[in-house]
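Per-entry structural report
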Amino acid sequence: MHRLAIACLVLAAFPGCAGRPPLLPPDYAGPRAHIADSMSPRGQSVADLFYLSAVNGQKIDDSVEATSQSTSGRLFTLMPNIIGRDVPAKSATFSIRGTIYHTTPILTLADEINDMAGDVVAVPLPGHSYFDTGKLGSGYSAIWIEDRDTGEVLGRKIERKE
């Protein structure tokens, strides 16, 4: 009983460590598509990360959290951990983000544009593989989900012009 109480306290103190429920239940038998996050390096300690953060409002594990864990304690050395996940191949709201990821968070203050986000309502095709991608820069930034084989944009691009 004492061990159970300690485990509960640890999970309550560090909720991010417990993980999130799976997007698809283990017994899901419907059509699937796959969406992977992506990264574009800017240097040894900084990169643009494009990732799926939620599906239909359900938060999911993403590459920013995974990269933060793998980079922790390495100061100026980026150790990317890019992940993907299966999603139902049916209409859904995909929350996507693009961020300039620094191994040392204080360095984010130097970036004019360091984050953008939006929702894409779309129907991924069964058996297709997609990836989150984009461009982050001064003057123009965009994020979108792209079909790995055809290069077609799933849904729409989210764009910001300055």
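Quick caveat, the model's predicted, so the values are computed rather than measured.

Here we take up the sheet that holds strand E10 (residues 153–161). Taking strand neighbours across the sheet as the criterion, the five strands line up as E5-E1-E8-E9-E10 in an open arrangement whose pairing is mixed. The two strands at the open ends of the sheet, each matched to only one other strand, are strand E5 (84–88) and E10. Recorded for the sheet is a direction-independent mean angle of 20 degrees between the axes of neighbouring strands. By the bridge criterion, five bridges tie strand E1 (residues 32–36) to E5 in an arrangement that is antiparallel. Bridge pairing in E5 links His34 to Asp86.

With that settled, the discussion passes to the confidence of the model for the protein chain. When pLDDT is averaged along the protein chain, the result is 80, and 71% of the positions lie at 70 or above. Ranking the helices and strands of the protein chain by mean pLDDT puts E1 first, with 97, and helix H1 (residues 2–13) last, with 38. Note on residues 1–17: pLDDT under 50 across the span, and one contact to partners over four residues away in sequence or across chains.

Tracing the backbone shows Gly127 in the loop between strand E7 (115–122) and strand E8 (129–135). Counting along the chain gives 41 residues from Gly127 to Asp86, while the straight-line C-alpha distance between them is 9.7 Å. Contact partners of Gly127, with chain neighbours within four places excluded, come to Arg32 and Ala33.

The subject of this paragraph is the pairing of strand E3 (residues 46–55). For E3, a buried count of 10 out of 10 residues is recorded, marking the element as mostly surrounded by other parts of the structure. The pairing of strand E2 (residues 38–41) with E3 spans four bridges and is antiparallel. By the bridge assignment for E3, Pro41 is matched with Ala47. Taking the residues that link successive antiparallel strands as the turn, the E2-E3 hairpin has four residues.

Time to look at unusual backbone geometry. Unlike most non-glycine residues, Asn56 shows phi in positive territory, near 50 degrees. Tracing the backbone through its elements, the reader meets Asn56 in the loop between E3 and strand E4 (58–59).

Calculation rules
- Residues numbered from 1 in each chain as written.
- Predicted model: local features only at pLDDT ≥ 70, side-chain atom pairs only at ≥ 80, totals over all residues.
- Heavy atoms only, no water.
- Pairing = 2+ DSSP bridges.
- Helix = DSSP H or I, 4+ residues; strand = E, 2+ residues; numbered from the N terminus.
- Axes fitted to C-alpha atoms, helices over the stretch in contact; angles between N-to-C directions.
- pLDDT = per-residue confidence, 0-100.
- Contact = heavy atoms within 4.5 Å.
- Buried < 20%, exposed > 50% of the residue type's maximum accessible area, 1.4 Å probe, protein only.

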